[in-house]
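Chain and residue survey
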Amino acid sequence: MTPAPGRAAEVLERLAANVADTTPVGAEDRAELDELLPLILLHARQEHVRLDDERLLALAVHALAFVRRVRDRESLPELDGLLYDEVPTARLAAARRLVDAFCGPRSFTAPDSEVLLFALHFEVAHASASETH
């Protein structure tokens, strides 16, 4: 159950084009996103979350900032604890597995705030898809 190989590359090119004026995507970013974007697409598929083009681009923008934070060993500050109540525990746990799959080989543990942001992307996408059906 793997995503189409071309989809991650397509997302990466859309991301690079959309952020070129503000934060160009360098070779190191591309290499890391070549690993993370397929994980994100696989995660969405496993979680039965449909990512439309807009949500996928928003997630890719977050992924770019995330790979840079991981590379620089930076962490997001803690977020308001009430935000965690907006996301089901299972979605948070799945997002933690996604984040750890990328961070583990890099000997980095992302903070819960990072996991929450990924989980929120998937929760919003899931809720939006549910509203249209």
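- As recorded in an unreviewed UniProt entry, the protein chain goes by the name PRD domain-containing protein, listed as coming from Streptomyces tubbatahanensis.

1. Observations regarding the nonpolar core
- Leu 15, Leu 33, Leu 37, Ile 40 and Phe 66 are the most contacted members of the largest nonpolar core, which has 39 residues in total.
- For this core, the secondary-structure elements that each account for two or more residues are α1 (5–19), α2 (27–46), α3 (53–71), α4 (89–103) and α5 (112–132).
- The greatest single-element share of this core, amounting to nine residues, is contributed by α3.
- Each residue touching Ile 40, except ones within four places of it in the same chain, is listed here: Leu 59, Ala 63, Leu 98, Phe 118 and Phe 122.

2. Here we look at the side chain of His 62
- Positionally, His 62 belongs in helix α3.
- Those residues in contact with His 62, other than ones at most four positions away along the chain, are Arg 69, Glu 114, Leu 117, Phe 118 and His 121.

3. Digging into the pattern of salt bridges
- With the rule as written, the count across this model stands at 11 salt bridges.
- With its nearest N and O atoms 3.8 Å apart, the salt bridge here joins Arg 91 to Glu 47. Here the residue Arg 91 occupies a position in helix α4, and Glu 47 occupies one in the loop between α2 and α3, the gap between them amounting to 44 residues.
- Arg 91 is the partner of Glu 123 in a salt bridge, and the nearest nitrogen-oxygen pair spans 2.7 Å. Of this pair, Glu 123 sits in helix α5 while Arg 91 is found in helix α4, placing the two residues 32 residues apart along the sequence.
- Note on Glu 123: relative accessible area 17%, which makes it buried.

4. Examining the packing of aromatic side chains
- Within this structure, the stated rule accounts for two aromatic pairs.
- Between the aromatic rings of Phe 66 and Phe 102, the centroid separation amounts to 5.7 Å while the plane-to-plane angle is 50°, which identifies the pairing as tilted. Of this pair, Phe 66 sits in helix α3 while Phe 102 sits in helix α4, placing them 36 residues apart in sequence. We note that Phe 66, like Phe 102, is buried.
- Between Phe 66 and Phe 118, the aromatic rings sit 5.1 Å apart at their centres with planes inclined by 85°, giving edge-to-face as the arrangement.

What counts as what
Residues numbered from 1 in each chain as written. Predicted model: local features only at pLDDT ≥ 70, side-chain atom pairs only at ≥ 80, totals over all residues. Heavy atoms only, no water. Core = buried A, V, L, I, M, F, W, Y, C linked by side-chain atoms within 4.5 Å. Buried < 20%, exposed > 50% of the residue type's maximum accessible area, 1.4 Å probe, protein only. Helix = DSSP H or I, 4+ residues; strand = E, 2+ residues; numbered from the N terminus. Contact = heavy atoms within 4.5 Å. Salt bridge = Lys/Arg side-chain N within 4 Å of Asp/Glu carboxyl O. Phe/Tyr/Trp six-rings, centres within 6.5 Å; stacked < 30°, edge-to-face > 60°.

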